[in-house]
Amino acid sequence: MVTSRWTAAPARAASPRRRGAVLERAILDAALDQLGTVGWNGLTMEGVAAGAQTGKAAVYRRWPSKEDLVADALCAGLPRLDAAPDLGSVREDLVALCREARDAMFSRPGLALRSIIHECDPIQVERFHTLIVGGVVEPTVRLLHEVIARGIERGEVRSGAANSYVFDAIPAMMMYRTKMCASEWNDRDLEEMIDQFMLPLLRPDAS
């Protein structure tokens, strides 16, 4: 039988089989996508496998449970807050740092982490405690410490401001208003928080 381009279906090039780090990255990305769309309660290993275009066995070989998978996905995906801004004034440094924290909160991994906090029961949340504290809270507080310490050296900030209550103020305010008031923290909101709340708390003439 003679075939032509009109009668023979064109052969599809086989897609290359992904292995190792490439496949793992696809699975981790699919887990974050699942958390962002269906949340913690809706996430399944089957759904993650489908999103990564791989088999369920490939997921289970690497992660025996969805808790293990999600923990690794968040560790790999959460934005890193590595360096404190140094823009010449405590106000500008705080605004820049808050923007970084806001962008992390509303990134794909940040939204995934929030779905865990909102949907998991206390025992499950406890499993992610180290990740939440070590990956998000502690880096933010450490950078706040650097910004405030520089402000004290410049004379912009009172010496007694370097305490745990002050360091907790911005993360607590941002998390509370995000969860309770559905605030998305646009740039104006961040500047108002710094000008009306943090600077009066920090300035040298505060009692």
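Residues numbered from 1 in each chain as written. Predicted model: local features only at pLDDT ≥ 70, side-chain atom pairs only at ≥ 80, totals over all residues. Heavy atoms only, no water.

A. Structural view of the confidence of the model for the chain. For the chain, per-residue confidence averages 84 on the pLDDT scale, and residues scoring 70 or more make up 90% of the total. Taken element by element, the predicted model of the chain shows its lowest mean pLDDT in helix 7 (residues 122-127) (73) and its highest in helix 10 (residues 187-202) (96). A low-confidence stretch, residues 1-15 stays under pLDDT 50, and its non-local contacts, those more than four residues away or across chains, total one contact. (pLDDT = per-residue confidence, 0-100. Helix = DSSP H or I, 4+ residues; strand = E, 2+ residues; numbered from the N terminus. Contact = heavy atoms within 4.5 Å.)

B. Focus on the side chain of S107. By the element assignment, S107 lies in the loop between helix 5 (90-105) and helix 6 (108-119). For S107, a relative accessible area of 14% translates into the label buried. Polar side-chain contacts of S107 include one of 2.8 Å to the backbone oxygen of A104. (Buried < 20%, exposed > 50% of the residue type's maximum accessible area, 1.4 Å probe, protein only. Polar contact = N/O pair within 3.5 Å; in protein donor to acceptor, adjacent residues only side chain to side chain.)

C. A look at helix 1 (residues 20-42). Taking 1.5 Å per residue as the helical rise, helix 1 with its 23 residues ought to reach 33 Å, whereas the 27 Å between its terminal C-alpha atoms falls clearly short. Along its length, helix 1 shows its largest kink, about 85°, at G36. All of the buried residues in helix 1 are L23, A26, I27, L28, A30, A31, L32, Q34, L35, G39 and W40. Looking at the buried positions of helix 1, the neighbouring elements they touch are helix 2 (45-51), helix 3 (56-62), helix 4 (66-77), helix 6 and helix 7. (Expected span 1.5 Å × (residues − 1). Bend = angle between axes of the 7 residues up to and from the residue.)

D. Fine view of the packing of helix 5 against helix 8 (residues 129-154). Between helix 5 and helix 8, the shortest axis-to-axis distance is 10 Å and the interhelical angle comes to 170°. In this view, helix 5 runs roughly antiparallel relative to helix 8, as classed from their interaxial angle. Contacts between helix 5 and helix 8 involve V90, D93, L94 and L97 from the former and T140, L143, L144, V147, R150 and R154 from the latter. A per-class count over the contact of helix 5 with helix 8 returns six nonpolar, one polar and three charged. (Axes fitted to C-alpha atoms, helices over the stretch in contact; angles between N-to-C directions. Parallel < 35°, antiparallel > 145°, perpendicular 65-115°, else oblique. Nonpolar A, V, L, I, M, F, W, Y, C, P; charged D, E, K, R; others polar.)

E. Quick peek at the packing of helix 5 against helix 10. Axis separation between helix 5 and helix 10 bottoms out at 10 Å; the angle between their running directions is 130°. Of the possible angle classes, the one that applies to helix 5 and helix 10 is oblique. Seen along the crossing, helix 5 lies across helix 10 with a hand that is right-handed. Of the residues in helix 10, those touching helix 5 at V90, R91, L94, V95, C98, R99 and R102 are D187, L190, E191, M193, I194, D195, M198, L199 and L202. (Left-handed = near helix turned anticlockwise from the far one by under 90°.)

F. Seen up close, the nonpolar core. In terms of nonpolar packing, the biggest core is built from 29 residues, with I27, L69, V70, L74 and I116 touching the most fellow members. Among the elements of the structure, helix 1, helix 2, helix 3, helix 4, helix 6 and helix 8 are those that each provide at least two residues to this core. No other element matches the nine residues that helix 1 contributes to this core. (Core = buried A, V, L, I, M, F, W, Y, C linked by side-chain atoms within 4.5 Å.)

G. Main features of the packing of aromatic side chains. Applying the stated criterion to the full structure yields zero aromatic pairs. When the ring centre of W40 is taken as origin, the NZ or CZ atom of K66, which lies over that ring, is 4.4 Å away. (Phe/Tyr/Trp six-rings, centres within 6.5 Å; stacked < 30°, edge-to-face > 60°. Lys NZ or Arg CZ within 6 Å of the ring centre and 35° of its normal.)

H. Highlighting helix 9 (residues 164-181). Compared with the 26 Å implied by 1.5 Å per residue over 18 residues, the 25 Å span of helix 9 between its first and last C-alpha is a close match. At I170, helix 9 shows its largest kink, close to 30°, and the proline P171 lies no more than four residues downstream. Along helix 9, the residues classified as buried are V166, F167, A169, I170, P171, M174 and T178. If you follow the buried residues of helix 9, they end up packed against helix 5, helix 6, helix 8 and helix 10. The opening residue of helix 9, the one whose side-chain oxygen lies 3.0 Å from the backbone nitrogen of Y165, is N163.

I. The pattern of salt bridges, seen in detail. Tallied over the full model, the rule gives 18 salt bridges. E156 is the partner of R154 in a salt bridge, and the nearest nitrogen-oxygen pair spans 3.4 Å. Classification of R154 by relative accessible area gives partly exposed; the value is 33%. You can call E156 partly exposed: its relative accessible area is 26%. When salt bridges that share partners are traced, they join D86, D93, R150, R154 and E156 into one network. (Salt bridge = Lys/Arg side-chain N within 4 Å of Asp/Glu carboxyl O.)

J. Quick look at the environment of A76. Relative to the helices and strands, A76 resides in helix 4. It is 8.8 Å that separates the C-alpha atoms of A76 and R25, two residues lying 51 residues apart in sequence. Those residues in contact with A76 that sit more than four places away from it in its chain are R25 and L28.

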